[in-house]
Each structure stands twice: as structure tokens, then as C-alpha cells.
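In case you want the letters, here they are:
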Amino acid sequence: GDSVTQMEGPVTLSEEAFLTINCTYTATGYPSLFWYVQYPGEGLQLLLKATKADDKGSNKGFEATYRKETTSFHLEKGSVQVSDSAVYFCALHGGATNKLIFGTGTLLAVQP
Amino acid sequence: ETGVTQSPTHLIKTRGQQVTLRCSSQSGHNTVSWYQQALGQGPQFIFQYYREEENGRGNFPPRFSGLQFPNYSSELNVNALELDDSALYLCASLSSGPIISGANVLTFGAGSRLTVL
């Protein structure tokens, strides 16, 4: 069945460092891909999305490119801030299903 | 503000009890989904309701049930609570029908954290 694999955390970075969180997926067909962020004590917020191969989603300085050839959707940011500290979830939606399939999440801790 | 509100935010129950969690979606959002997020895990799909009918279910037993009301509110009921039911329960709504797409994305509430002792 469809699945999402994320790099395990926690990821600890200094402020202004470059961020990459790896995400790969397994799915039949052409899923839509999402990154959600969960700040401490809060629910999930959509960060960015891509619906077809080679699409690049971007928001708040974060980017991710839908790579069909490597079945990947890695999240990147050029310069992280302390306020980016949160748990990041990669997710996919495939075909005519009505659910999102999430990875296990990656905790990002940014130190000043 | 997400537009999806959930209550209560935290609650504690004992094994064997029943619990009802509530969710209020934005007006016009006629599709609601519930997810269970165990500690350190990603959310898992429980079920979805569209126009007050169950429209898909994940791998959860029948003691997990739901209701959706015409006023865009919904409930998640869990009977015979087990210790493993301890989790954050997330409600999410869709604005345009039951199928997720790039234009019709899930908007999540902040969740209800259930602890079963």
C-alpha cells in the first residue's frame, strides 16, 4: 500500500543554517504531496504542496520539489530561524482515496 | 486561525469508559475527517463523513464511531476505551467535497488530547 518515509529526528541546527528534511514515498499512480507543520501544542498546518511531477511547492522560505524519478519530496530552507522549531510531517494523497497518509514526523530544533 | 475548533482540549478517562470528542468546522465545509496521532507518530486516518454519512474508514475497530450534523459540527465517539487509545485526536475539514486535491486541502483543528489510565 501507499506509504511515506521521513528521515528520523531530531534535527538540531543553529539559526541561519540550511535545512533539509528527507521524504520519500511509495504510491501507485500520481499522488499529491504535502508538508504539514505542527508547532508545540498546536494542530497541523499546511506548509506547502505539489500535485504533479516537477512541481515546486513553496511557502515562508520553505521549498520542496516533487521528484517522480526518485519518489521524493524533500523539504528545504536556506536559513532557519528559532521560530521554525516544530515537527514537520510529509504526507501523500493518492488516487480516489479520501485520506492523507503521513510520515512519522521529523522534529526540528533551531538554537539561537 | 484554522477555522476548525475542537473540544475539549485535554481529557483523562479510565479504561473501559466512553468518550465523545467534538469538532466544529467552517460554514460550508461539508466534509470532516478524524485522525488519531499517537505520541511520536504521524496522524492515522480514522474515518471521514460527507453530508452526514460515513464516506471512508481506516483500520480502526467499530468502537470508534462518528456523527456529522447539518450545522457543520461533528463528533468522534470511542467506546470501551483502551490504554492504546491515548493520543491526540485531530479533526479536519475540506471545503469542496470529499476528495482531497491540490485545491481542496485538509484544514486541521488543534486537537483533543485523550489520556486513558
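Please read these numbers as outputs of a predicted model, since none were measured by experiment.

Visitor: Would you mind showing me how to read the side chain of Ser72(A) here?
Guide: Residues and elements named next belong to chain A. Its location among the elements puts serine 72 in the loop between β8 (62-65) and β9 (75-77). The exposure class of serine 72 is buried, given its relative accessible area of 4%. Separated by 2.7 Å, the side chains of serine 72 and threonine 70 make a polar contact. Other than its neighbours up to four places away in sequence, serine 72 contacts Cys23, Thr24, Tyr25, Leu33, Thr65, Tyr66 and Arg67.

Visitor: Any chance you could explain the nonpolar core here in plain terms?
Guide: Considering soluble globular proteins, one finds that nonpolar side chains tend to be buried as a cluster. Core analysis: the largest hydrophobic core is formed by 27 residues, its most contacted members being Leu19(A), Trp35(A), Leu47(A), Leu48(A), Phe73(A), Leu75(A) and Tyr88(A). Secondary structure elements with two or more residues in this core: β2 (11-14), β3 (19-21), β4 (23-26), β5 (32-38), β6 (44-50), β8, β10 (86-93) and β12 (106-111) of chain A. For this core, the element with the highest residue contribution is β10(A), accounting for four residues. Counting 20 residues, the second largest nonpolar core, distinct from the first, contains Val4(B), Leu11(B), Leu21(B) and Phe64(B).

Visitor: Is there a simple way to explain the interface of chain B and chain A in this structure?
Guide: Reports of interface size often rely on the accessible area that becomes lost once the parts have come together. Taken residue by residue, the interface counts 24 residues in chain B and 19 residues in chain A. Surface buried jointly by chain B and chain A totals about 1600 Å² across both partners, of which 60% is contributed by carbon and sulfur atoms. When the buried surface of chain B facing chain A is broken down by residue, Ile100(B), Gly102(B) and Phe108(B) rank first, second and third, together holding 29% of it. Taken together, the links from chain B to chain A amount to zero salt bridges. Applying the counting criterion to the chain B and chain A interface returns six residue pairs in polar contact (both at pLDDT 80 or more). At the level of secondary structure, the elements contributing two or more residues to the side of chain B that touches chain A comprise β4 (31-37), β5 (44-50), β6 (53-57) and β9 (87-94) of chain B. By residue number, the principal contributor to the side of chain B that touches chain A is β4(B), which donates three residues. Residue composition of the side of chain B that touches chain A, grouped by class: 13 nonpolar, eleven polar and no charged.

Each value, and the rule that gives it
- Residues numbered from 1 in each chain as written.
- Chains lettered and ligands numbered in written order.
- Predicted model: local features only at pLDDT ≥ 70, side-chain atom pairs only at ≥ 80, totals over all residues.
- Heavy atoms only, no water.
- Helix = DSSP H or I, 4+ residues; strand = E, 2+ residues; numbered from the N terminus.
- Buried < 20%, exposed > 50% of the residue type's maximum accessible area, 1.4 Å probe, protein only.
- Polar contact = N/O pair within 3.5 Å; in protein donor to acceptor, adjacent residues only side chain to side chain.
- Contact = heavy atoms within 4.5 Å.
- Core = buried A, V, L, I, M, F, W, Y, C linked by side-chain atoms within 4.5 Å.
- Buried area = accessible area lost by both parts, 1.4 Å probe.
- Salt bridge = Lys/Arg side-chain N within 4 Å of Asp/Glu carboxyl O.
- Nonpolar A, V, L, I, M, F, W, Y, C, P; charged D, E, K, R; others polar.

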